[in-house]
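Analysis of the macromolecular model
Okay, here's what each chain looks like letter by letter:
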Amino acid sequence: MNNYPALVVVAPLLGALFAGITAWVEDRFTFPIVLTSLGIGVAAAISNMALVLTSGTIQYKMAGWMPPMGIEYRIDTLNAMVMLLVSVIAFLNLAASYWNVRQETPDRAGSFYVMYLLFVVGLLGVVATGDLFNLYVMIEITSLSSYTMVALGDKNRAPLAALNYIFIGVIGASLYLLGVGYIYIKTGSLNMADVATMVPHMKESSSLLVAFILCIIGVWIKMALFPLHVWLPNAYAYAPVGFARIVAPLMTKVMVYAMVRLMISVFGMDYVFNTLDLAEGVVWMGTIAILAGGFMALSQKNLKKMLTYIIVCEIGYMVGGAWLGNELGMTGAILHILNDALMTFALFLAVGNMVYKLDRVDIADLQGLFGKMPWTMAGFVLAAFSIVGVPPTCGFFSKWYLILGAFEAGAYHFAAALLISSLICAVLFFKVFEVCFFEPMSDGHGDGHHGHDNAVAMAEAPASSLVVLAIVSVSLIAAGVYSGTIVDTVILPFLR
Amino acid sequence: MELIPSIKPLLAVLVSLAVIPVLVSSSEKPNVREAWTFVAGTVKFLLVVSMLPAVMGGNQIVLTLFKIAPGADIAFRVDALGMLFALVASSLYIVTSMYSIGYMRGLNEHGQTRFVSFFALAISATIGAAFSANLLTLYLFYEILSLATYPLVAHHQDAKSRISGRRYLTFILGTSIGLVLPAMIWCYHATGTLEFSAAGIFTDQLSKPSATVLLLMFVFGFAKAGIMPFHSWLPAAMVAPTPVSALLHAVAVVKVGVFSIARVITGIFGIEFLASFDLGAIVAGIASVTILVSSGIALSQDEFKRRLAYSTIGQLSYIVLGAALLSPKGVTGGLLHIAMHAFGKITLFFCAGAIFVATGKKYLSQMVGIGYRMPVTMTAFFIGALSIIGLPPTGGFISKWHLVLGTLEGDQMVMLFVLLTSSLLNAAYFMPIFYKAFFCTKEEAMFERKVDEAPMMCVIPLVITALISFALFFAPQPFLDLATLAVNGFIGG
């Protein structure tokens, strides 16, 4: 038995321990240690992925304890992919955010890094675990570290945002825990695979129904499904950039993963779609989330805030898609976990660069940005097109599966919402591009008069941030054109 | 027919994309930058031409890039129709690049590197659309083209271009996301494929009402074709520098629109399928309305480029009308008009731009007597206008001739009437320009009787395209053969 599944999670955990010590003793070593531990995590996640692709699902028994008593990590293609995604984004973001951290939390960089690693450990644990209670623990590790991180942000507004986040987050976690309690009472087990074998025998049980609903609402709160989203925009917008960049792409997506896992691997598709009569209502919730998120984004004046509402909108995509009840919709939802993480990451990377240079990122402050930060803007534009769903960027392809799934399920309202949100996002981003491109307004009338020639000098973000942004931007297109391969090798083997 | 696998279509698409970093890095040395533009343009054209013999021989060149889903890959297939369009676009790109130099430098425009870079991107996407093997790939390049053109439309970065750019995007992106995308997914959902084929992809999945809705979603959705009521972005886009209006808004962008409609009619529905439901008439009717109304509007436009824009809207609908006639001659005429209109209309835009560079005049009412100052330009204008009206000895006559034959073949007298009326209207909005340029009294003339043309780099291209328009009357073969070949494939096969 190899130890890759554990290593992916343990490497950043040990990193956090050492970083906590060096931050006290000799701060110079903190960043290299953190980076190395995440690097090891990425390497392990890659090996893990390769192993799953070649030899199928891995069952890893923590410390050799046998399930259902011991904690089991069960790695199939889906969580191997999401683990890889989390590890890579955590690593890249750390490399990109070095200067942002120094700028924003110069005196607390050590604690930032430790919490950052713990946050990543929590996310990876959520993804890796095959145990329902362990899932709760990992969600709490993630959440507690993110409350702390949010509070490290904007001096005036972050504390309140963090407090708000804690209150609502705790409710979500409690609901989930309560649900797990019911499951344990009914089945006597906490191991996902074990519970899954027992669910078909107790389909009619109303306590199981309550358990399911509690668990699902718990993760919905954590993923900010409209109208349970109210904590998210402020928390993400006022968090320090280095953290916003990782929490925005990953936290909500990992919670969508948790929902998919609960639906497929714990309760089972048969129970969720045939025994329960909830799917249609949830697809409507997804539809409403998409539209509400989009319209709320339209009314934002601050770029970061606007992006946070786009996250709310995108959550609607994935929840709706997963609940369409067909393979296409689920494929789209899972593909969108990957794609949305990448494009949100790219957007927040770009915004982080802007914050580094401009401090404030109200949309009106972005004048002349194509000239000032051409590379950052190039990445931003590409990511924006991906959100809008322009091929060959990846956003198009997950939308493609989602709309196909909606057609197949006859959920035309959901398909319409997806298309409308594309249009809304186009408006949102072109509103930003217009400010960056046209303002400050040239004095002349174009022909022959050229206020723009000597308008703005270039002032780009640090090279490390730009390189990471470039890598992620390219990956947006790569994930798009290889989406057929991803579906065939990762998603369909998981679903079938 | 043979399918020949080759990487050439990809190279033809990528060459102008690959040159963009070079263009950007040589922004301080305009001559080097322009040289690279020419190199890329020429290589692209030669690559297209190198595929011509195979296509003329009735073969198709294929290349699959990425497998996305069964029946929906990102793939190229060069057939006669795609070749016809690619030939027009890639040859005129070279001429336009030359013209751009004269125009942009003549006006000392800002942001020239950005301009040539996005121009290269736009032409890449155009060729990609021409060579697309299926609807998904076509949609991909269609969208890239929409977005690549935006910075060109908005080039002046002033209040007016901001409004025009916004209108451009609203119409183009709004219709492609709002109509084409769902229509495409509908097709895929119904049939499981998006591959173009002469027999169409539908067997019995569609009832007549849903087929009608689907067809209209495509016809209106490809708003680059300027079908009314989704046309008003085109006059607005005239705010762009003239090379953009000339190549993109008379050739590349708008023709991608009609090309896409032609592809959907011939490759997604299939001519016979549409004929069996009698759906050609609806599209022909819509196109006819656009032809007549836009020609009428063109009469009243005083701004030179806006008049040309409305003329373009009408002429584009000729192509749609031709395809919708669903008769061999009609479709041939429509496809042929892609080429003939391109050479004629680009000449006219070049003339409008040359006059602007030389005199700063944009309005036709200020151009009385311009013929004495710019005789070469106005002679070229005359030839271009003849071609658009469809009079011999110009190429436009050949395509209109086929269109007229097509209406007779299908016994569609109303369409014949539309075509002839439109020709009269075309004459009515072009000939006064020419007349006033030369035939005026000394008191009326607004220019001195002294020859003072625009820079050579502006004049040479318009002479070239005018000569080609003229020559195409005598030698329409490459385009006529390609159009005939394409039609034989669509109807005979």
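Quick note: structure is the one above.
Everything numeric here is computed off the predicted structure, so don't read it as measured data.

Calculation rules
- Residues numbered from 1 in each chain as written.
- Chains lettered and ligands numbered in written order.
- Predicted model: local features only at pLDDT ≥ 70, side-chain atom pairs only at ≥ 80, totals over all residues.
- Helix = DSSP H or I, 4+ residues; strand = E, 2+ residues; numbered from the N terminus.
- Rg over C-alpha atoms; globule rule 2.2 N^0.38 Å.
- Buried ≥ 20, exposed ≤ 12 C-beta atoms within 10 Å, placed from the backbone.
- Contact = placed C-beta atoms within 7 Å.
- Axes fitted to C-alpha atoms, helices over the stretch in contact; angles between N-to-C directions.
- Parallel < 35°, antiparallel > 145°, perpendicular 65-115°, else oblique.
- Left-handed = near helix turned anticlockwise from the far one by under 90°.
- Bend = angle between axes of the 7 residues up to and from the residue.
- Pairing = 2+ DSSP bridges.
- Core = buried A, V, L, I, M, F, W, Y, C linked by C-beta atoms within 7 Å.

1. Focus: the overall build of chain B
Looking only at helices and strands, one finds 21 helices and 3 strands in chain B. Its C-alpha atoms give chain B a radius of gyration of 21 Å, within 12% of the compact-globule value 23 Å for 493 residues. Looking at the 493 residues of chain B, the share that counts as buried comes to 64%. Residue pairs in contact within chain B that sit at least 24 positions apart in sequence constitute 82% of those at least 6 positions apart.

2. Focus on the overall build of chain A
Looking only at helices and strands, chain A has 20 helices and 2 strands in total. Scaling as 2.2 N^0.38, a compact globule of 496 residues should have a C-alpha radius of gyration of about 23 Å, and chain A matches this with 22 Å. Referenced to the eigenvectors of the C-alpha coordinate spread, the extents of chain A come out at roughly 80 × 60 × 45 Å. Of all 496 residues assigned to chain A, the portion counted as buried reaches 60%. The long-range fraction of contacts in chain A, counting pairs at least 24 apart against all pairs at least 6 apart in sequence, stands at 78%.

3. Brief notes about the interface of chain A and chain B
For an interface, size is often stated in terms of accessible area lost upon the parts coming together. Chain A puts 33 residues into the contact, and the matching count from chain B is 32 residues. Elements with a contribution of two residues or more to the side of chain A that touches chain B: α17 (394–409), α18 (412–438) and α20 (483–495) of chain A. It is α18(A) that contributes the most residues to the side of chain A that touches chain B, 9 residues altogether.

4. A few points about the packing of helix α15 (residues 328–359) of chain B against helix α18 (residues 395–409) of chain B
A pair of packed helices can be characterised by two numbers: the angle between their axes and the separation between those axes. Residue and element names in this part refer to chain B. Packing of α15 against α18 leaves a shortest axis separation of 8 Å and a crossing angle of 160°. The angle between α15 and α18 places the two elements in the roughly antiparallel class. The two elements α15 and α18 meet at a crossing, and its hand is left-handed. Residues Lys329, Gly330, Thr332, Gly333, Gly334, Leu336, His337, Met340, His341, Phe343 and Gly344 of α15 lie in contact with α18, whose contacting residues are Gly395, Gly396, Ile398, Ser399, His402, Leu403, Leu405, Gly406, Thr407 and Glu409.

5. So, helix α11 (residues 242–269) of chain B
Because each turn of an α-helix spans 3.6 residues, side chains separated by three or four positions end up pointing in the same direction. At B:Leu248, α11(B) shows its strongest bend, of approximately 50°. Downstream of α11(B) by a residue or two, B:Gly270 has a phi angle that is positive, lying close to 90°.

6. A word on unusual backbone geometry
The omega torsion across A:Phe226 and A:Pro227 is 5°, close enough to zero to call that bond cis. Summarising the element assignment, A:Pro227 is placed in the loop between α8 (206–223) and α9 (232–238). With an omega of 0°, the peptide bond between B:Pro392 and B:Pro393 qualifies as cis. With phi around 65°, A:Ala224 is a residue other than glycine that occupies positive phi space. Relative to the helices and strands, A:Ala224 is located in the loop between α8 and α9.

7. Description of the environment of A:Leu175
Residues and elements named next belong to chain A. Assignment of secondary structure puts leucine 175 in helix α6 (residues 158–187). Separated by 220 residues in the primary sequence, leucine 175 and glycine 395 place their C-alpha atoms 32 Å from one another. Once residues within four sequence positions are removed from consideration, leucine 175 is found in contact with Leu214, Ile217, Gly218 and Ile221.

8. Remarks on the sheet that holds strand β2 (residues 60–69) of chain B
Each strand in a sheet pairs with another by means of backbone hydrogen bonds, the pair being arranged parallel or else antiparallel. Residues and elements named next belong to chain B. The 3 strands lie next to each other as β1-β2-β3, forming an open sheet whose pairing is mixed. The open sheet has two edge strands, β1 (3–5) and β3 (72–78), and neither has a second partner. Taken pair by pair, the neighbouring strands of this sheet meet at an average axis angle of 40°, ignoring direction. Pairing of β1 with β2, which is carried by 3 bridges, proceeds in the parallel orientation. Looking across to β2, one finds that proline 5 is bridged to valine 62.

9. Some words on the pairing of β3(B)
Residue and element names in this part refer to chain B. Burial analysis of β3 places 6 of its 7 residues in the buried class, the great majority of the element. Bridge analysis of β2 against β3 gives 7 bridges, and the strand direction is antiparallel. Opposite valine 62, over in β3, you have arginine 77 as the bridge partner. Linking β2 back to β3 in an antiparallel pair, the connection comprises 2 residues, with glycine 71 at a positive phi of about 80°.

10. Notes on the packing of helix α6 (residues 112–130) of chain B against helix α7 (residues 135–153) of chain B
All names here are of chain B. Closest axis-to-axis distance for the α6/α7 pair is 8 Å, and the angle between their directions is 160°. Between α6 and α7, the angle is such that the two are roughly antiparallel. The hand of the α6/α7 crossing is left-handed. Mapping the contact onto sequence places Arg114, Phe115, Phe118, Phe119, Leu121, Ala122, Ala125, Thr126, Gly128 and Ala129 in α6 and Leu138, Phe141, Tyr142, Ile144, Leu145, Ala148, Thr149, Pro151 and Leu152 in α7.

11. Some words on the environment of A:Leu177
Relative to the assigned elements, A:Leu177 resides in helix α6. In sequence terms A:Leu177 and A:Phe133 are 44 residues apart; their C-alpha atoms lie 7.6 Å from each other.

12. Re the nonpolar core
For soluble globular proteins, nonpolar side chains are generally found buried alongside one another. Among the nonpolar cores identified, the biggest contains 412 residues, and A:Val86, A:Ala346, B:Leu84 and B:Val320 are the most heavily contacted of them. In this view, A:Ala346 contacts A:Gly379, A:Leu382, A:Ala383, A:Leu469, A:Val472, A:Ser473 and A:Leu476; residues no more than four positions away in its chain are not counted.

13. Brief notes about the environment of B:Leu326
Residue and element names in this part refer to chain B. Within the secondary structure layout, leucine 326 lies in the loop between α14 (304–325) and α15. Look at leucine 326 and you get buried, because 26 C-beta atoms sit within 10 Å. In this structure, leucine 326 is in contact with Ile271, Leu274, Ala275 and Gly280, ignoring residues within four places of it in sequence.

Nothing here speaks to function; it is all geometry.
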